[in-house]
Structure formats: C-alpha cells, structure tokens
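# Observations on the model geometry
Residue strings, one per chain:
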Amino acid sequence: MKQTAVVTAGTAGIGLETALGLAEAGIEVTVVGRNAERGARAIERINATAPLHSARFLAADLSSLDAVRALAGRIAAEGPLNVLVNNVGAMFPDRQDSVDGIEATFAVNHLSPYLLTELLLSTLRAGAPSRIVNVTSGAIGTAKRVFDSVEPPGGYYGFHWYGRAKLANLAYTLDLAGRLDGTGVSVFAADPGGAATDMTNGTMRDPKIVSPGLRLLWPLVRRKFERSTSGPASLAAKPSIFAATDDSLAGRTGVVIGPQAHPVTPFRAATDPRIAEAVRRLSEHLAPLTHA
C-alpha cells in the first residue's frame, strides 16, 4: 500500500534532504514551503532520483495560522497520511510579529507545527500505523522555562527565544506521545545537531541574538558551534529520516532521536508535566483549532 508523507520547510537544507530520504524509502512526499520557485527546484531534484512515487509541492506561509489551517484542510481532504515531519524553523536577529500579531519565533517554531499536527490527527489516525516527527534543537538548553505568555520576561535575544520555542515544541511532542499512545500514531522528536544552513551561516553570526552576558564570549562560542554544524544538510537530516522510517521504532513513541540517529535521553525540562501543561494552555489560546 502506498505510504504518504508531508515535510514542512522542505524546499532546501535539512527539509529537502529529509524529503529525499523519505522518497528513497518509497514514500510519496509532499514538500511544503513559501516560495514556488524553490519548491519547483526541490521537486525536480527529488524526482530526478527516480522515486517510486513522484513528489509534489504545496505553497504555504507557515508563519500564518490561517495558512496552516488551509494547508491542513487540503491535506486532510486527500485521505490518510502516514508521516508528518514538522521541519519548519526560524531564528530572527530582531523581534518581529507574525501576520497574526504573535511574536514570530514562537509562532513559526512552535505554534505552526502544533496547529498543523493537531488539525491532521484524524488524518494520521486514518493512516495508522503513522508517525509524527517534530524537529528539535540543542538550543533548548538556553531557554527560559516560563510559558505564562508568548514572550518570556526580559529582553529579546533571538537564540534564547528560539531555544524557548523549541522547548515548548519538545514538551508538546512528548506530551502528545502520551496522549496518542495506543492509537497507532507514534510521535518522535529529531535533533539534527546542526548543518551549514542559511540560519547557521547568517543569523548565528549576529551577536545581538544572545544575551549581554554571553555576548563577549559569543565569537568563541559561535566558532565552536560552527565547527560542529559545518557538515552537510544530508547528515543533519538522518535523525528525521530515521524517526520517520526505521523499523526499530515500530510500536514505540515519545522517543527523541539524537544527532547520531539513535535514541537519546530527552532534555529534562521537556518532560516536566507543569511545563507541558503551561505550553498546552498557551498553545490552545494562541492557535485555536477552529476560527474564532
């Protein structure tokens, strides 16, 4: 039986390499992205590998909650889904709002995958056994663990706020795994470790993205980070591909796949039920599953 997958932010970098890996595994892949030209190039590259099923591109600005709802509606209308890879992510040097008036780091890195996943749960249940893969980040270690509101106390520092949004999403991921246990829908997190991408080559070079206490040391920290993230995107995609396809994970859920593409211990704060509950309340408030 044909297997289907959706990969968000799949037109370049880790997302495209993930889509290529899923296509190589015989899965029919839908790549989601904002730019139609990049989407066309991605599909051309995937289809050039002569996959079992042709890939396709769907345009969506995943910083917009309405666009996420429209995307989910289109995917759900097409029948069962077997794999959802929420690869979308972004870090911003300066604070900005999404089109919904929500701080963009939290909107893109957590609310977008949260809303798309929730809206596709019935579709994923229909495709069971199915898998949800949410891409996480080691940056969660820098996060403030307060989720009473969309923005943490203190000033805006892109790297720390990115880590906080990823922490929210990892807490949601592990909580969702418990919620869906026994339904045939497995939930995983995948940590790519790092790769030479637009984000690491651009935003990470701006010292404004870290708090003043880290700023003086940032050139040294950044160089160390860049050495560890200088590998190809194809290597960084392996954890997502493993989580989405590997037979050793059959019947398992709530597992974090580390940069070496094997299970690792989750970041402790992400397993805190108080954080998960705070994230759930905030997510439901900011991104309701139906229009207000």
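Now for a quick tour of the structure. (Residues numbered from 1 in each chain as written. Predicted model: local features only at pLDDT ≥ 70, side-chain atom pairs only at ≥ 80, totals over all residues. Heavy atoms only, no water.)

So, about the sheet that holds strand β3 (residues 56-59). On the basis of which strands lie adjacent, the open sheet formed by 8 strands has the order β3-β2-β1-β4-β5-β6-β7-β8 and mixed pairing. The outermost strands of the open sheet, each flanked by one partner alone, are β3 and β8 (263-264). Pairing of strand β2 (residues 28-33) with β3 involves 4 bridges; the strand directions are parallel. What sits directly across from Val 31, in β3, is Phe 57. Where helix α2 (residues 36-47) meets the sheet, it contacts β2 and β3, and its direction lies at approximately 165° from that of β3. (Pairing = 2+ DSSP bridges. Helix = DSSP H or I, 4+ residues; strand = E, 2+ residues; numbered from the N terminus. Contact = heavy atoms within 4.5 Å. Axes fitted to C-alpha atoms, helices over the stretch in contact; angles between N-to-C directions.)

Moving on, we get to the packing of aromatic side chains. One pass over the full model with this rule turns up 2 aromatic pairs. A ring pair is formed by Tyr 114 and Tyr 172, whose centres lie 5.2 Å apart and whose planes are at 75°; its orientation type is edge-to-face. Here Tyr 114 is found in helix α4 (residues 104-119), whereas its partner Tyr 172 is found in helix α6 (residues 158-180), with 58 residues between them in sequence. Of the two residues, Tyr 114 and Tyr 172, neither departs from the other in class, the shared state being buried. Between Tyr 156 and Trp 161, the ring centres sit 4.7 Å apart and the planes meet at 70°, which makes this aromatic pair edge-to-face. Trp 161 carries the same exposure label as Tyr 156, and that label is buried. (Phe/Tyr/Trp six-rings, centres within 6.5 Å; stacked < 30°, edge-to-face > 60°. Buried < 20%, exposed > 50% of the residue type's maximum accessible area, 1.4 Å probe, protein only.)

Turning to helix α11 (residues 238-245), a few remarks are in order. Counting buried positions over the 8 residues of α11 gives 6, a clear majority of the element. For α11, the set of buried residues is Pro 239, Ser 240, Ile 241, Phe 242, Ala 243 and Ala 244. Where α11 is buried, its residues meet α1 (13-24), β4 (83-86), β5 (130-135), β6 (185-190), α10 (233-236) and β7 (255-257).

Burial of β4 is two-sided: the residues Val 83 and Val 85 facing one way and the residues Leu 84 and Asn 86 facing the other way are all buried. As judged from the 3 bridges shared by strand β1 (residues 4-8) and β4, these two strands associate in the parallel manner. Paired with Val 7 across the bridge in β4 is Val 85. Where β4 and β5 come together, 4 bridges link them in parallel fashion. Within the sheet, the bridge partner assigned to Asn 86 lies in β5 and is Asn 134.

Moving on, we get to the nonpolar core. Counting residues in each nonpolar core, the largest one holds 56 residues, and the members touching the most others are Leu 71, Phe 106, Leu 120, Ile 132 and Phe 147. For this core, the elements supplying multiple residues, two or more each, are α3 (65-77), α4, α5 (121-126), α6, β6 and α12 (273-286). Among the elements that take part in this core, α6 stands out by supplying 11 residues, more than any other. Those residues in contact with Leu 120 that lie beyond four places of it in its chain are Ala 72, Ile 75, Ala 76, Leu 81 and Leu 84. The next biggest cluster of nonpolar side chains, apart from the first, holds 26 residues, and it includes Leu 22, Val 31, Phe 188 and Val 255. (Core = buried A, V, L, I, M, F, W, Y, C linked by side-chain atoms within 4.5 Å.)

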